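Listed below, chain by chain, are the residues.
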Amino acid sequence: MPAIKSSACGKFILVGEHAVVYGQPAIALPLSNRRITLHIEPQILAPSGKIKVFFPALGLDGEPVDKLPSNHPIYRAVWEVINYLSLSQSPSCDLRFNSQLPIGTGLGSSASMAVATIRGLLEFLGHPLSDAAINKLAFECEKYVHSNPSGVDNTVITYEEPVFYQKGQELVSLKPAADLHFVLADSGIQKSTGETVSGLAERYQTDSALIKPIIESIGQLANSARRAIETGDLAEIAEAINQNQRLLAELELSCPELDHLVNVALESGALAAKLTGGGKGGHILALVKANRVETVLQGLITKGALNPFHTVIRGVI
Ligand code: PMV
């Protein structure tokens, strides 16, 4: 059994987080320059079934996989593969992860860990599967990690392409008409997506007259952003992003630190900015013209953003 290497990208949601959980469409983009990489090394001398996890960013240094919490994405991913292949146990191996992707900050780290592990382990075991099958297994993992996931994270990360995603509908792969430049920046606040999703679910139960129309309006923004991406209408994309931030703030999913970064990005010359992911912390995204990227990065650095970076979604000619 040879050593193998796999990797999975991160993701950011352009429009539609949270609303996507309620069946509205969302647009999610791959973060191809922030990845989780996995090397799997066989341990032929170890007794069968010993899988050890090395993941410096998570403080894991040879932890047996079965000692991880049962809702940990790596634990779940290993279990899903073993179960799918009906194995009683896996051959012994070391799983060595490295991450350029910030963990737990709205950029899809749990789905990325799951996809890298599932894809890598299947190949290591001599059973590579299609993206569709990998996506299904990764979605099963996400169900343990978040409460009631929509499936958007595992989908955009498995296929690593811009997607227009709606639960239960056929996946639409988006073809941007022009390059789209983004700056992302971390608020430094870690917030569990499960908590923000279940917090909104409670409010939906008690105050659906207020929450439902906001969620539907977010769905409409995803539809207009889709058209704008396909026609290369930057002003319309910017409008959808800014409106989406306003609606997320109405849902109380923003916070002062995110509002601050959104304002700094706009004051520094971004066309639009919003939180991305679960909210109440994590990252913002800013849509930026190519010639303003450096200015917006500098503005955010000066005003306290953590590790802002640039990423580009290439237009399809
Ligand atoms: O915070 P992240 O990266 O896990 O993004 C979550 C996106 C949500 O719409 C809030 C939840 C979901 O399952 O779609």
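Structure's up top.
Residues numbered from 1 in each chain as written. Predicted model: local features only at pLDDT ≥ 70, side-chain atom pairs only at ≥ 80, totals over all residues. Heavy atoms only, no water.

Peer 1: What is the right way to look at the environment of Gly 168 in this model?
Peer 2: Position of Gly 168 among the secondary structure elements: in the loop between strand S6 (163-165) and strand S7 (172-173). Gly 168 gets classed as exposed once you look at its relative accessible area, which sits at 83%. Placed 18 residues apart in sequence, Gly 168 and Ser 150 show a C-alpha to C-alpha distance of 9.6 Å. (Helix = DSSP H or I, 4+ residues; strand = E, 2+ residues; numbered from the N terminus. Buried < 20%, exposed > 50% of the residue type's maximum accessible area, 1.4 Å probe, protein only.)

Peer 1: Please explain the nonpolar core as it appears in this structure.
Peer 2: In a soluble, globular protein the nonpolar side chains are often hidden away together inside. Counting 102 residues, the largest nonpolar core has Leu 14, Ile 74, Leu 95, Phe 182 and Leu 300 as its most contacted members. Residues in contact with Leu 300, not counting those within four places in the same chain, are Val 183, Ala 185, Leu 261, Val 264, Ala 265, Ile 284, Ala 305 and Pro 308. (Core = buried A, V, L, I, M, F, W, Y, C linked by side-chain atoms within 4.5 Å. Contact = heavy atoms within 4.5 Å.)

Peer 1: Just checking my understanding: could you explain the site of the ligand for this structure?
Peer 2: For the ligand, the set of nearby residues contains 18 residues, the closest of which are Lys 11, His 18, Ser 150, Thr 193 and Gly 278. One of the side-chain nitrogen or oxygen atoms of His 146 is found 3.4 Å away from an oxygen atom of the ligand. Residue Asp 153 places a side-chain N or O atom 3.1 Å away from an oxygen atom belonging to the ligand. For the ligand, the protein covers 97% of the area, taking 390 Å² as the surface of the free molecule. Taken together, the residues that form the shell around the ligand break down as seven nonpolar, eight polar and three charged. (Near = heavy atom within 4 Å. Polar contact = N/O pair within 3.5 Å; in protein donor to acceptor, adjacent residues only side chain to side chain. Areas by Shrake-Rupley, 256 points an atom, 1.4 Å probe, with all protein chains shown as cover. Nonpolar A, V, L, I, M, F, W, Y, C, P; charged D, E, K, R; others polar.)

Peer 1: Explain helix H9 (residues 293-302) here, please?
Peer 2: Given 3.6 residues to a turn, an α-helix orients residues that are three or four positions apart in the same direction. Those residues of H9 not exposed but buried are Val 293, Val 296, Leu 297, Gly 299 and Leu 300. All buried residues of H9 fall inside an arc of 160 degrees around its axis, so they share one side. Opposite the packed face of H9, turned more than 90 degrees from it, sit the exposed residues Glu 294 and Thr 302. Those residues of H9 hidden inside the fold are in contact with strand S8 (180-186), helix H8 (256-267), strand S10 (283-288) and strand S11 (306-313). Phi for Gly 304, located one or two positions after H9, is positive at around 95 degrees. (Arc of directions from axis to C-beta.)

Peer 1: Looking at this structure, I do not really get the packing of aromatic side chains. What am I missing?
Peer 2: The geometry of two aromatic rings is summed up by the distance between their centres and the angle between their planes. In this structure the tally under the stated criterion is three aromatic pairs. For the ring pair Tyr 22 and Tyr 204, a centre distance of 4.8 Å and an interplane angle of 20 degrees mean the geometry is stacked. Of this pair, Tyr 22 sits in the loop between strand S1 (4-15) and strand S2 (26-42) while Tyr 204 sits in helix H5 (residues 193-206); the two residues are 182 residues apart in sequence, bridging distant segments of the chain. A relative accessible area of 22% means that Tyr 204 is categorised as partly exposed. Their ring planes at 15 degrees and their centres at 5.0 Å tell us that Phe 55 and Phe 97 sit as a pair that is stacked. Of this pair, Phe 55 sits in strand S3 (residues 51-55) while Phe 97 sits in strand S5 (residues 93-99), and the two are 42 residues apart along the sequence. For Phe 55, a relative accessible area of 0% puts it in the buried group. Over the face of the ring belonging to Phe 309 we find Arg 34, whose NZ or CZ atom lies 3.9 Å from the ring centre. The ring of Tyr 144 has Arg 76 lying over it, and the distance from NZ or CZ to the ring centre is 3.5 Å. (Phe/Tyr/Trp six-rings, centres within 6.5 Å; stacked < 30°, edge-to-face > 60°. Lys NZ or Arg CZ within 6 Å of the ring centre and 35° of its normal.)

Peer 1: Even after reading the chapter, I still don't get the pairing of S10, so can you show me in this structure?
Peer 2: Burial runs high along S10: six of the six residues are buried. Covered by surrounding structure in S10 are His 283, Leu 285 and Leu 287 together with Ile 284, Ala 286 and Val 288, the residues of both alternating faces. In terms of strand pairing, S8 meets S10 through six bridges, oriented antiparallel. Across the sheet, the residue bridging to Asp 186 is His 283, located in S10. As defined by bridge partners, strand S9 (residues 272-276) adjoins S10 across five bridges and the pair is classed as antiparallel. Counterpart to Leu 275 in the pairing with S10 is Ile 284. (Pairing = 2+ DSSP bridges.)

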